[in-house]
Amino acid sequence: MLIYLYMDHQGRVKIQNEIVEVEQKISLQSEGSIQLKVKSSNPIKLALRIPTWVENMVIKKETKEFCYEVIRGYAVITIDQATTLNLTFDIPVVMHQAHPKVKDDYGKVALQRGPFVYCLEEEDNGKDIHLIRVLDEFKTEVLNQCDLGKLVSIKAKGEKQIIDKEWEQKLYRGYEKPSFTKNDLTFIPYHLWENRTEGEMQVWIHKK
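Residues numbered from 1 in each chain as written. Predicted model: local features only at pLDDT ≥ 70, side-chain atom pairs only at ≥ 80, totals over all residues. Heavy atoms only, no water.

### Here's the deal with a nonpolar patch on the surface
Okay, step 1: The grouping of Leu2, Tyr4, Leu5 and Met7 at the surface amounts to a nonpolar patch, some 440 Å² of accessible area in total.
Okay, step 2: Within the fold, Leu2 resides in strand E1 (residues 2–3). (Patch = residues over 30% accessible without salt bridge, like charges linked within 9 Å, V, L, I, M, F, W, Y side chains within 5 Å. Areas by Shrake-Rupley, 256 points an atom, 1.4 Å probe, with all protein chains shown as cover. Salt bridge = Lys/Arg side-chain N within 4 Å of Asp/Glu carboxyl O. Helix = DSSP H or I, 4+ residues; strand = E, 2+ residues; numbered from the N terminus.)

Written out as structure tokens, the structure is:
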């Protein structure tokens, strides 16, 4: 049996005239964990997808760790008739870059954690997000907000270009090396943006 989508659910599937019951519970907070219950009248072979955003996946039945074979991106194991498995794994913050010929994203990065792409929103980071550039330091923080619910944010160190007074009433001027202020940045999952106030949002951010 192939399992390639991880989400909270209960279901039944017919395999060779046999009904197999499956239940999943998933958490993607400080670390990733999936509780997988499979009920079958016979031993069954499982192929569990290892997502590209997962590192160091461990599969256990109670305290016993399974040694699994990886075939085409799936962890393959054989289990008894009724088994509860616990999958744990690391979820690193991944920085993506676009192909150099994608002009609008050149010199920029986008952040991903787990299956979620993240963005900067004006609500957390102020106006003129296009002036921000991100550094390499990331950490995750669990937030519980009335408008967004419980979510994992990404905190990062960044810099924001200063628009000095010399720019007043000017569209162009002679080149001067820009100055920056240090900023603490907050990234939220992209699908949650514009649920609090209207404002700017950006996925692709300049990288120092």
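### Looking at the pattern of salt bridges
Okay, step 1: This model, assessed by the stated rule, comprises 11 salt bridges.
Okay, step 2: The salt bridge involving Glu176 is made with Arg173; its shortest N-O contact spans 3.5 Å.
Okay, step 3: What emerges from the salt-bridge pattern is a single network uniting Arg133, Glu159, Lys182 and Lys208.

### Some thoughts on the sheet that holds strand E7 (residues 64–65)
Okay, step 1: Read across the sheet, six strands follow the order E2-E3-E4-E10-E6-E7 without closing on themselves; strand pairing throughout is antiparallel. Of all strands in the sheet, those with a lone pairing partner are strand E2 (9–15) and E7, marking the two edges.
Okay, step 2: Taken together, the seven bridges between E2 and strand E3 (residues 18–28) define a ladder with antiparallel strand orientation. When the sheet's bridge partners are listed, Gly11 is paired in E3 with Val22. (Pairing = 2+ DSSP bridges.)

### Comments concerning the packing of aromatic side chains
Okay, step 1: Enumeration according to the criterion identifies two aromatic pairs in this entry.
Okay, step 2: Sitting over the face of the ring of Phe66, Lys64 holds its NZ or CZ atom 5.9 Å from the ring centroid.
Okay, step 3: A cation over a ring is seen here: Arg133 above Phe180, with NZ or CZ 3.7 Å from the ring centre. (Phe/Tyr/Trp six-rings, centres within 6.5 Å; stacked < 30°, edge-to-face > 60°. Lys NZ or Arg CZ within 6 Å of the ring centre and 35° of its normal.)

### Side note on the environment of Asp105
Okay, step 1: Tracing the backbone shows Asp105 in the loop between strand E11 (93–96) and strand E12 (108–113).
Okay, step 2: On the basis of relative accessibility, which here comes to 16%, the residue Asp105 falls in the buried class.
Okay, step 3: In this structure Asp105 touches Ala98 and Trp204, once residues within four positions along its chain are discounted. (Buried < 20%, exposed > 50% of the residue type's maximum accessible area, 1.4 Å probe, protein only. Contact = heavy atoms within 4.5 Å.)

### Digging into unusual backbone geometry
Okay, step 1: At Asn17, a residue that is not glycine, the phi angle is positive and equals roughly 65°.
Okay, step 2: Positionally, Asn17 belongs in the loop between E2 and E3.
Okay, step 3: Given the relative accessible area of 71%, Asn17 is considered exposed.

### What about the side chain of Glu18?
Okay, step 1: Note that Glu18 resides in strand E3.
Okay, step 2: One buried charged side chain, Glu18, makes no salt bridge at all; its nearest oppositely charged neighbour is Arg12, positioned 10 Å away.
Okay, step 3: In this structure the side chain of Glu18 is engaged in a polar contact, spanning 3.4 Å, whose partner is the side chain of Asn42.
Okay, step 4: Aside from chain neighbours lying at most four places away, what touches Glu18 is Val13, Ser40, Ser41 and Asn42. (Lys, Arg positive; Asp, Glu negative; His and termini not counted. Polar contact = N/O pair within 3.5 Å; in protein donor to acceptor, adjacent residues only side chain to side chain.)

### With respect to the confidence of the model for the chain
Okay, step 1: Looking at the chain, pLDDT values average 92 and 100% of them are 70 or higher.
Okay, step 2: The secondary-structure element of the chain with the lowest mean pLDDT is strand E14 (residues 132–145), recorded at 88, while strand E17 (residues 201–202) shows the highest, at 97. (pLDDT = per-residue confidence, 0-100.)

### So, the side chain of Glu159
Okay, step 1: By the secondary structure assignment, Glu159 is in strand E15 (residues 149–161).
Okay, step 2: Side-chain polar atoms of Glu159 contact the side chain of Lys182, separated by 3.0 Å.
Okay, step 3: Here Lys208 takes part through its side chain, which lies 3.2 Å from a polar atom of the side chain of Glu159.
Okay, step 4: Not counting residues up to four positions away in its chain, the partners in contact with Glu159 are Leu131, Ile132, Arg133, Leu135, Phe180, Thr181, Lys182, Asn183 and Lys208.

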